[in-house]
Amino acid sequence: NVPVSGVNQIESSSDHAVVTIPGLRKFATFFDAKGVDAETLGEARVRQALNMAVDKVAIAESLFEGAAQPLQGQWQVEGEAGFNPDVPMFEYDPEAAQQLLEEAGFGDGFELQLTYTVGRYPMDQELGEIVSSFLEQVGVTVNQRPLEYGAFLTARDEDSVGTHQWGLLLPPVPHYNYVTFTSGTPYEFTELPAEYTELVNEAVEETDVDAQAALYNQCAQIMHDEAFALFLVSPNDNYGVSNSVQGFTPRRDQVLWLFDVSLAE
């Protein structure tokens, strides 16, 4: 969890280095379309509009200094099993976003409370502030609710977190990523069509690799079309490593695999 702002500081030391790999932790704003925001976020085109209102590429390039990849309109990231290359990114287009909001009856905007973590992940607060700023530009009045992680988890447990930004890290297996958002799970803040859950259940039982991939591709397309979340970015993982440490190779799932690690004599 070395922030990009700390990389140069560590690398300027003769005793330490930074090891960086593409991460699998994904930041998204999960829409509470089943709860307090059902009247405003219950329609897919409103959620699509908010995706178009936020410039994910600019966030990756500026806030994360290029050390992050924008999410491609789906939960899986490029290079991860279950990624659908045919699903397009929600391109930054505030004019189109405002048009969709007007068509959905929200031409004058609406209020939205956005809860996000502070200090749990590098740049999490800054990300919440920037996302809020982008949404404000298309007429959404954002009431920001920054919480330290303990209070954030309490709000989730009490079903009072509402629409929220979170950086989830799931095992790099398609089923774990897709089943997380099926009907009845604790992460189902926007109800996806019944077809989605059926496809996930069918895919996990499918033994033919190509057929299974086709099923997950359909799941990714539904995720995109329903826009159950505002897909943001997946930052790189930065590890500060002492020169006395030998054999450390980071894993994308952030498990610290230390069986091959030793200390220099």
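Use the structure listed above.
Residues numbered from 1 in each chain as written. Predicted model: local features only at pLDDT ≥ 70, side-chain atom pairs only at ≥ 80, totals over all residues. Heavy atoms only, no water.

### Details of helix α10 (residues 209–226)
Given 3.6 residues to a turn, an α-helix orients residues that are three or four positions apart in the same direction. Stated precisely, the cut-off is as follows: Secondary structure is summarised from DSSP: a helix means a run of H or I of at least four residues, a strand means a run of E of at least two, and numbering begins at the N terminus for each. Helix span, as expected, comes to 1.5 Å for every residue beyond the first. Classification of residues uses two cut-offs on accessible area relative to the type maximum, computed with a 1.4 Å probe and protein chains only: under 20% is buried, over 50% is exposed, and between them is partly exposed. We call two N or O atoms a polar contact when they sit within 3.5 Å, provided that within protein one can donate a hydrogen and the other can accept it, with sequence-adjacent residues counted only if both atoms are side-chain atoms.
Along its 18 residues, α10 runs 26 Å from first to last C-alpha, staying within 8% of the 26 Å computed at 1.5 Å per residue. Every buried residue of α10 is listed here: Leu-215, Tyr-216, Cys-219, Ala-220, Ile-222, Met-223 and His-224. Capping the start of α10 is the job of one residue whose side-chain oxygen sits 3.2 Å from the backbone nitrogen of Asp-210: Asp-208. With its phi angle positive at about 45°, Ala-227 sits one or two positions after the end of α10.

### Description of the environment of His-224
Rules: Any two residues whose heavy atoms approach within 4.5 Å are treated as being in contact.
Within the secondary structure, His-224 sits in helix α10. According to the relative accessible area criterion, His-224 is buried, its value standing at 11%. Put simply, His-224 and Leu-63 are 161 residues apart on the chain and 24 Å apart in space, counted from C-alpha to C-alpha. When near neighbours in sequence (up to four residues on either side) are disregarded, His-224 contacts Gly-73, Val-87, Pro-88 and Phe-90. Polar side-chain contacts of His-224 include one of 3.3 Å to the side chain of Asp-225.

### Focus: the sheet that holds strand β6 (residues 164–168)
We count it as follows: Think of it this way: DSSP has to see at least two bridges between two strands before they count as a pair. All axes here are fitted lines through C-alpha atoms, helices being fitted over the stretch that makes contact, and every angle between N-to-C directions spans 0 to 180 degrees.
Spatially, six strands are ordered β3-β7-β2-β6-β4-β5 in an open sheet, and the strand pairing comes out mixed. With one partner strand each, in any of the chains shown, β3 (68–70) and β5 (140–148) form the two edges of the open sheet. Shown here is a sheet whose adjacent strand axes are inclined to one another by a mean of 25°, direction ignored. The pairing of strand β2 (residues 26–30) with strand β7 (residues 229–235) spans four bridges and is antiparallel. The residue bridging Phe-27 from the neighbouring strand is Val-233, located in β7. In the packing of helix α6 (residues 124–136) onto the sheet, the strands contacted are β2, β4 (110–118), β5, β6 and β7, and the crossing angle to β4 comes to about 165°.

### Observations concerning the packing of helix α9 (residues 194–205) against α10
For clarity, the cut-off: Roughly parallel covers angles under 35 degrees, roughly antiparallel covers those over 145, roughly perpendicular covers 65 to 115, and oblique covers all other angles. Left-handed describes a crossing whose near helix is turned anticlockwise from the far helix by less than a right angle; the clockwise case is right-handed.
With their axes 9 Å apart at the nearest point, α9 and α10 run at an angle of 155° to one another. With respect to α10, the element α9 is oriented roughly antiparallel. Note that α9 runs across α10; the crossing there is left-handed. Contacts between α9 and α10 involve Glu-195, Tyr-196, Leu-199, Val-200, Glu-202, Ala-203 and Val-204 from the former and Gln-212, Leu-215, Tyr-216, Gln-218, Cys-219, Ile-222 and Met-223 from the latter.

### Some remarks on a negative patch on the surface
Put simply, the rule reads: Patch construction takes residues with relative accessible area above 30% that form no salt bridge. Like charges are linked within 9 Å, and nonpolar side chains (Val, Leu, Ile, Met, Phe, Trp, Tyr) are linked within 5 Å. All accessibility values rest on the Shrake-Rupley procedure with a 1.4 Å probe; residue burial counts only the protein chains present in the view. Throughout this description, the term salt bridge denotes a Lys or Arg side-chain nitrogen within 4 Å of a carboxyl oxygen of Asp or Glu. Just so you know, the count uses Lys and Arg for positive and Asp and Glu for negative, and it drops His and the chain ends. Charge placement uses NZ in Lys and CZ in Arg. For Asp and Glu, CG and CD serve respectively.
A grouping of Glu-195, Glu-198, Glu-202 and Glu-205 is seen on the molecular surface, where their side chains present a negatively charged patch. By secondary structure assignment, the location of Glu-195 is in helix α9. A residue is classified by how much of its surface remains accessible, and Glu-195, at 43% relative accessible area, is partly exposed.

### Some points on the pairing of β4
Applied cut-off: Crossover handedness is defined here as right-handed if the route from the first strand over the helix to the second strand goes clockwise, with the strands pointing away from the viewer.
Sheet topology places β4 next to β5; nine bridges connect them, and they run parallel. Each residue of the ladder has a partner; that of Thr-115, found in β5, is Arg-145. With α6 bridging β4 and its parallel neighbour β5, the resulting β-α-β unit is right-handed. Pairing analysis gives two bridges linking β4 to β6, with the strands arranged parallel. By the bridge assignment for β6, Tyr-116 is matched with Gln-165.

### A look at the packing of helix α3 (residues 44–52) against helix α5 (residues 94–103)
The cut-off we apply is this: When residues are grouped by polarity, Ala, Val, Leu, Ile, Met, Phe, Trp, Tyr, Cys and Pro land in nonpolar, Asp, Glu, Lys and Arg in charged, and all others, Gly among them, in polar.
Running from amino to carboxyl end, α3 crosses α5 at an angle of 160°, the nearest separation of the two axes being 8 Å. It follows from the interaxial angle that α3 and α5 lie roughly antiparallel. For the pair α3 and α5, the crossing hand works out as left-handed. Contacts between α3 and α5 pair Arg-45, Val-46, Gln-48, Ala-49 and Met-52 from the former with Pro-94, Ala-96, Ala-97, Leu-100, Leu-101 and Glu-103 from the latter. Looking at the contact of α3 with α5 residue by residue, the classes come out as eight nonpolar, one polar and two charged.

### Digging into unusual backbone geometry
Even without glycine at this site, Glu-65 takes up a positive phi of about 55°. By secondary structure assignment, the location of Glu-65 is in the loop between α4 (56–62) and β3. The exposure class of Glu-65 is exposed, given its relative accessible area of 53%. Phi is positive for Met-123, which is not a glycine, with a value near 70°. Along the polypeptide, Met-123 turns up in the loop between β4 and α6.

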